[in-house]
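If you want the building blocks of each chain, they are given just below.
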Amino acid sequence: MNSWQRWLQAPQTHLFRRALFQIHLWLGIGLGLYVLVIAISGTALLLKSPFYTWFEPKTLVPLETEPLTGAALKERMAEVYVGYELGFTIEGFEEDEATFIVLEKDGEYIPHYFNQYTGEDIGLARPWPIVAVEWVADVHDELMLGRDLGRKINGIGGALFVLMSVTGLLIWWQGKRRWWEGLVILPGSSRSLLWQLHSFFGFWALILMIAWGVSGFQLGFPRQMAAILEFFGSEGDVIRPRDGVMGFFRKVHFAEPGGQNVLVRWGWILASLLPTLMFVTGLIVWWRRVVMRWYRNSFKSQAGGIKEKG
């Protein structure tokens, strides 16, 4: 059996696959925390819009009474916000929109919403849930390291993420007789459920993984990516940055396809958690197969040594 036949029929015995497995394993361990941070913060980025809907006290219930406007509104707000300077104000354009007001005190600017029907303060325009999700979303873009350094690290992380995804695809191949097992989850399989989940989602989410990684590299190294694209094709080819494959990758990265549909939007939010699922399942499988096996063997060896001495 030559090397190619061995890869087709029994890839587990192939030296190349063993090398790929080690690359995939240590990339997963080394990038694990980074992938976790990027995936969770990316989910937060997609949740910004729903969070504004849920927590921004912008919408109110109109009353039959006439709302306060103009000078009467300013006078009432001055009574409510005693001790604050009244700053920039935007009266609601719609009947159910609250009035936006920026308060100033000791050099600090605090945006609030005000109910023009009841003459009462509604609350902060940016309450802590929105502040928190915005902070986590900023971590996704720059890792709190500044625009240049943060995006460059994300670019390197994107390239390594693509390498990890490609090696994972090659490892996914289980031979001609069993290749289809990686496409489904089998209740009676000899493989653990976590191993099957890792293999299943790794295959079906491969395009998403590559799209996230490649577009992440492009955002961190736009000039280098432009040079790569120029090397592989001209402006008229399908791989150009704004159209074709690269355009699709960028749209996937920013969850643009069908993004206005609520169900599709939530689908993107769930999909953004796939790298987290891949990391968790891979880590547990590795811990059980490698770390715990090493621990048990080490414990048995120590126990055997103690008996011999006894």
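From a predicted model like this one, the values you see are computed outputs, not experimental measurements. (Residues numbered from 1 in each chain as written. Predicted model: local features only at pLDDT ≥ 70, side-chain atom pairs only at ≥ 80, totals over all residues. Heavy atoms only, no water.)

Colleague: What's the story with the sheet that holds strand E4 (residues 120-124) in this structure? I'm lost.
Modeller: Strands belonging to one sheet form pairs held by backbone hydrogen bonds; the direction of such a pair is parallel or antiparallel. Reading across the sheet, the 4 strands line up as E1-E2-E3-E4 and stay open at both edges, with antiparallel pairing between neighbours. The sheet is open, and its two edges are formed by strand E1 (85-90) and E4, each paired on a single side. Averaged over all adjacent pairs, the angle separating strand axes in this sheet is 35°, with direction ignored. Here 4 bridges tie E1 to strand E2 (residues 99-105), and the two strands are oriented antiparallel to one another. Note on E2: the bridge partner recorded for Leu-86 is Leu-103. (Pairing = 2+ DSSP bridges. Helix = DSSP H or I, 4+ residues; strand = E, 2+ residues; numbered from the N terminus. Axes fitted to C-alpha atoms, helices over the stretch in contact; angles between N-to-C directions.)

Colleague: What am I meant to see in the pattern of salt bridges here?
Modeller: A side chain with one charge can pair with a side chain of the opposite charge if their charged atoms come near. Summed over all chains, the structure comprises 3 salt bridges. Among the salt bridges present, the one from Glu-79 reaches Arg-76, with a minimum N-O distance of 3.0 Å. Placement of the pair is Glu-79 and Arg-76 together in helix H3 (residues 70-80), with a separation of 3 residues, close to one helical turn. Among the residues examined, Glu-79 registers a relative accessible area of 45% and is labelled partly exposed. A residue is classified by how much of its surface remains accessible, and Arg-76, at 31% relative accessible area, is partly exposed. The salt bridge involving Arg-178 is made with Glu-181; its shortest N-O contact spans 3.4 Å. (Salt bridge = Lys/Arg side-chain N within 4 Å of Asp/Glu carboxyl O. Buried < 20%, exposed > 50% of the residue type's maximum accessible area, 1.4 Å probe, protein only.)

Colleague: I'm lost on the nonpolar core in this one. Help?
Modeller: Looking at soluble globular proteins, one finds that nonpolar side chains tend to be buried together. Counting 30 residues, the largest nonpolar core has Leu-208 and Met-209 as its most contacted members. Broken down by secondary-structure element, the contributors of at least two residues to this core are helix H2 (15-55), helix H5 (147-172), helix H7 (206-220), helix H8 (222-232), helix H9 (244-253), helix H10 (262-271) and helix H11 (274-309). In terms of residues, this core owes the most to one element, H2, which gives 7 residues. Formed by 7 residues, the second largest nonpolar core is a distinct cluster that contains Leu-60, Val-102, Tyr-117 and Ala-125. (Core = buried A, V, L, I, M, F, W, Y, C linked by side-chain atoms within 4.5 Å.)

So far we have only geometry, and geometry alone does not tell us how the molecule works.
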